[in-house]
Amino acid sequence: MASHCIHIPPPISSTAVSAATTVLNKLSVCKTLNHIKQLHAQILHHRLNSFLCNLSFSSSSINLTYALSLFSSIPSPPKPTFFNPFLRNLSHSSEPKATILFYKKIRHVGGRLDRYSFPPILKAASKVSAFFEGMEIHGVAVKIATVSDPFVETALVDMYGSCGRINCARKVFDEMSQRDVVTWNTMIERYCRCELVDEAFKLFEEMKSSNVMPDAMILCNIVSACNRTGNMSYNRAIYDFLKGNDVRMDTHLVTALVTLYAGAGCTDIAREFYMKMSVRDLFVSTAMVSGLSKAGRLDDARVIFDQTGNKDLVCWTTMIKAYAESDHPQEGLRVFEELCRSGIKPDDVTMESVISACANLSTMDRAKWVHLYTRSNGFESDLLVNNALINMYAKCGDLDRARDVFEKMPMRDVVSWSTMINAFSMHGEASDALITFARMKEENMEPNEVTFVGVLYGCSHSGLVEEGKKIFASMTNEYSLTPKLEHYGCMVDLFGRANRLREALEIIESMPMAPNVVIWGSLMSACRVHGELELGEVAAKHILELEPNHDGALVLMSNIYAREQRWDDVRNIRRVMEEKNVFKEKGLSRIDLNGKSHEFLIGDKRHKQSDEIYAKLEEVVSKLNLAGYVPHSGSVLVDVEEEEKKDLVLWHSEKLALCFGLMNEEEEEEKGLCDVIRIVKNLRVCEDCHVFFKLVSKVYEREIIVRDRTRFHRYKDGLCSCRDYW
DNA sequence: ATAGGGTTAG
């Protein structure tokens, strides 16, 4: 409205002009100076009034200065009816703080405020969280005796709540003589905003008892608070309430409900609410897509997505993210291509999901492609994008590129640091992880819970027990963070891997929360590695109590027995697994060559170069035998003949992938493409393959990077980056 | 003749 450089007074309304004309006509009959002064005051009043009326939405600082000077020039301060609408407009403007300035000016010139003045002033104080000014205004309101007004009191509740003084808010609320739906909502909303969902729900119940009917907005506040905090304890009650009462729903409430129930896995209830909307709102549809994806119903989500017309960027990104985070990164990239064709420009959140898809795909070709894309589309300094790139390169096994992105970032946040630390940890570079952690401290970047997971993970995977213990203790001592389940998990892992099983068990026993399947799994895995059969069984039994069909527990139990050659027990477990239809996930290894992926299962003969691959395997084995390699059959679970076992071990999928990689090395070398051999495996690398890969890296002078289920192994000159500790 | 809640999807 107003120019930034030259101030043009706003147009005077026609009523104000005629009023001013009337006043001016009176000028000729003025006899005394006092008469003229009075007249002047009236003119100013009219000028101010028309000015304030026209100022509706404009509140530039120049206008405010002008309004304030007009105010000062009026001998007798104007009545509240003059400035109350202006206060309201100011409080709704982008400069709510100006309302308080204006309020101070009114007080300064001795202007009278009434009960209509306070709600806007308090709203402004609420918006800028001005606690001390809010208290002062409260005091003035008491003096002017307007506090028993429900409008003023509701505004006070809102103001105190917004300033984080929830108890002050509650005090005003409790002392109110009458409360309507807006009052209840204000208090409930304030509880929700500070994540006190239990308090909010208590009030919701109280409200019903006092015969005030909750409306859609109140429910929406509670439901979205449940969504934000992950509090599922009211899901049932909310559903029952909506079934038993006729609440007029709007798209806001339905969106929140769909998010709540689909996110909790109750997709039928989510669909029920979704179907209630006759008009398909983009928010509701997107919530449905997101919720179904989170509940693992990706195909259902896709159906909704395809049915949604006029999709916006958020909707597209939701679908891409869903695929990226599940096992379908390829499909995510296809949706991204479709998005690009639709002419909508992706933003940083979209790119974050696309990069995450590439990370899960783990092919360097794709990784380089998406990096190039972000660079040529103006994302080179973007925080979100760069953080995602660090993670992607780390997951693709290229720690150097991950580090390069990190070092070149113009700004880093706690996520950048945590991601980089975690990248080092994944690659077994615990010393780099610790150096980075120390550097973070030097640069005054405050670590969070996620940072500590990364650091502790690094310690546990490199056997730095004492260091890990110190860092774990520093969480509470130095950083006043409360260790969560994941941190205890890292500690169990740390002690377990280091064969300090008693201490691992002590951690579990001292945890303030119930250990979950992952914690027991970590202990059990350590027991298997260190041959602690008895404790392993204890851990496995705990797991099977929590998840009777837990394949990992059954497999690890059979592993424990296999190691002890207790084949009867192995067969028993196998039988249970077959009965319950639980099967161990099959080992699958992938290698990329010239932009094509090649996958191998154990003993796989499906590849068209299969014969060459097995011939290469024989050649490699004979060369390794000269270097002292003896197949280690302990990694085989079932009771088979010794000779057969050796074959099974030799046919592990990663060995086939490796031979395929070696076979094609000459061809690649000619083209100058000779790079490290990169293999991605879905399970952990077995002991035999680990020795095998180390020797190949030496005998064939090749660097090999294997990503397994939990970490990276970088084989070079006969050694592995994990230092045989994994 | 002026006043109080304003949320929902990546």
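Residues numbered from 1 in each chain as written. Chains lettered and ligands numbered in written order. Predicted model: local features only at pLDDT ≥ 70, side-chain atom pairs only at ≥ 80, totals over all residues. Heavy atoms only, no water.

Draft legend 1. Up close: the overall build of chain A. Per the secondary structure count, chain A includes 38 helices and six strands. Expressed as a percentage of contacts within chain A between residues at least 6 apart in sequence, the contacts between residues at least 24 apart total 64%. Looking at chain A as shown, the accessible area adds up to about 35500 Å², and 53% of this sits on carbon and sulfur atoms. (Helix = DSSP H or I, 4+ residues; strand = E, 2+ residues; numbered from the N terminus. Contact = heavy atoms within 4.5 Å. Areas by Shrake-Rupley, 256 points an atom, 1.4 Å probe, with all protein chains shown as cover.)

Draft legend 2. The pairing of strand β5 (residues 712–716), seen in detail. Sheet topology places strand β4 (residues 704–707) next to β5; four bridges connect them, and they run antiparallel. Residue pairing for β5: I704 is matched across the bridge by Y715. Hairpin connection of β4 to β5: four residues between the antiparallel strands. Looking at chain direction, β5 and strand β6 (residues 719–720) are connected through two bridges and run antiparallel. What sits directly across from Y715, in β6, is C720. (Pairing = 2+ DSSP bridges.)

Draft legend 3. The environment of L87, seen in detail. With respect to the element layout, L87 can be found in helix α4 (residues 80–92). Overall, the relative accessible area of 0% leaves L87 in the buried class. Placed 29 residues apart in sequence, L87 and Y116 show a C-alpha to C-alpha distance of 9.7 Å. For L87, the residues in contact, after removing those within four places along its chain, are T99, F102, I106, S117, P120 and I121. (Buried < 20%, exposed > 50% of the residue type's maximum accessible area, 1.4 Å probe, protein only.)

Draft legend 4. Molecular detail of unusual backbone geometry. Backbone geometry places S362, a non-glycine residue, at a positive phi of 55°. By the element assignment, S362 lies in the loop between α20 (348–361) and α21 (364–376). A positive phi angle, close to 50°, is found at E701, a residue other than glycine. The class of E701 is exposed, set by a relative accessible area of 71%.

Draft legend 5. Region of interest: the layout of surface pockets. Reported here for the second largest pocket is a volume of approximately 600 Å³. Counting residues per element, the ones that place at least two in the lining of the second largest pocket are α19 (329–341), α20, β1 (589–593) and β3 (677–681). Class assignment for the residues of the lining of the second largest pocket results in four nonpolar, seven polar and 10 charged. (1 Å grid on protein atoms, 1.4 Å probe; cavity = no way out; pocket = protein on both sides within 12 Å on 5 of 7 lines; lining within 4 Å. Points joined across faces, edges and corners; volume = space filled by probe spheres on them. Nonpolar A, V, L, I, M, F, W, Y, C, P; charged D, E, K, R; others polar.)

Draft legend 6. Highlighting the packing of aromatic side chains. Under the criterion given, the structure shown has 23 aromatic pairs. Considering the side-chain rings of F472 and Y488, the 5.6 Å spacing of their centres and the 70° angle between planes classify their relative orientation as edge-to-face. Here F472 is found in helix α27 (residues 465–477), whereas its partner Y488 is found in helix α28 (residues 485–497), with 16 residues between them in sequence. Y488 matches F472 in its accessibility class, with the two residues each being buried. Seen from their ring centres, F692 and F693 are 6.3 Å apart, and the 50° between their planes marks the pair as tilted. Of the residues examined, F692 reaches a relative accessible area of 0% and is grouped as buried. Here R412 stacks its cationic end above the ring of F406, 4.6 Å away from the centre of that ring. (Phe/Tyr/Trp six-rings, centres within 6.5 Å; stacked < 30°, edge-to-face > 60°. Lys NZ or Arg CZ within 6 Å of the ring centre and 35° of its normal.)

Draft legend 7. Broad picture of the UniProt feature "repeat: PPR" (unreviewed entry) in chain A. Annotation from UniProt places "repeat: PPR" (unreviewed entry) at residues 180–214, 312–346, 382–412 and 413–447. With 74% helix and 0% strand, the stretch residues 382–412 has end C-alpha atoms that lie 10 Å from each other. (UniProt positions renumbered as here; feature names shortened; annotations may be inferred.)

Draft legend 8. Structural context of the protein's contact with DNA strand B. Lining the immediate environment of DNA strand B, one finds 41 residues, of which T81, R88, D180, D312 and K321 sit closest. Within 4 Å of the protein, atoms of DNA strand B come from sugar and phosphate in 30% of cases. Taking R115, its side chain carries an N or O atom lying 3.5 Å from a base nitrogen of DNA strand B. Interatomic distance of 3.2 Å between a side-chain N/O atom of T350 and a base nitrogen of DNA strand B. Among the elements that take part in the surface near DNA strand B, helix α10 (residues 181–193) stands out by supplying six residues, more than any other. Of the residues that constitute the surface near DNA strand B, the class distribution is 12 nonpolar, 17 polar and 12 charged. (Near = heavy atom within 4 Å. Polar contact = N/O pair within 3.5 Å; in protein donor to acceptor, adjacent residues only side chain to side chain.)

Draft legend 9. Here's a closer look at the packing of helix α16 (residues 282–294) against helix α17 (residues 298–307). Contact geometry of α16 with α17 gives a least axis separation of 7 Å together with a crossing angle of 165°. When the axis of α16 is compared with that of α17, the two are roughly antiparallel. The interaxial crossing formed by α16 with α17 has left-handed handedness. Residues S285, M288, V289, L292 and S293 of α16 pack against L298, D300, A301, I304 and F305 of α17. Residue composition of the contact of α16 with α17, grouped by class: seven nonpolar, two polar and one charged. (Axes fitted to C-alpha atoms, helices over the stretch in contact; angles between N-to-C directions. Parallel < 35°, antiparallel > 145°, perpendicular 65-115°, else oblique. Left-handed = near helix turned anticlockwise from the far one by under 90°.)

Draft legend 10. Layout of α20. A rise of 1.5 Å per residue sets the reference length of α20, with its 14 residues, at 20 Å; its end C-alpha atoms lie 20 Å apart and thus fit the reference within 8%. Listing the buried residues of α20 in full gives T350, M351, S353, V354, I355, A357, C358, A359 and L361. Capping the start of α20, D347 holds a side-chain oxygen 3.1 Å from the backbone nitrogen of V349, two or three residues further along. In the segment just after α20, S362 is the residue with positive phi, at about 55°. (Expected span 1.5 Å × (residues − 1).)

Draft legend 11. Here's a closer look at the environment of M475. By the secondary structure assignment, M475 is in helix α27. What makes M475 buried here is its relative accessible area of 0%. For the pair M475 and F452, spaced 23 residues apart in sequence, the C-alpha to C-alpha distance is 7.7 Å. Ignoring sequence-local partners within four residues, the contact set of M475 consists of F452, S480, L481, T482, P483 and H487.

Draft legend 12. Summary view of the sheet that holds β3. Within the open sheet, the six strands sit side by side as β2-β1-β3-β4-β5-β6. Their pairing is mixed. Strands at the two margins of the open sheet, each flanked by one partner only, are β2 (596–600) and β6. Pairing geometry for β1 and β2, over five bridges, is antiparallel. Looking at the pairing, S589 lines up with F600 of β2.

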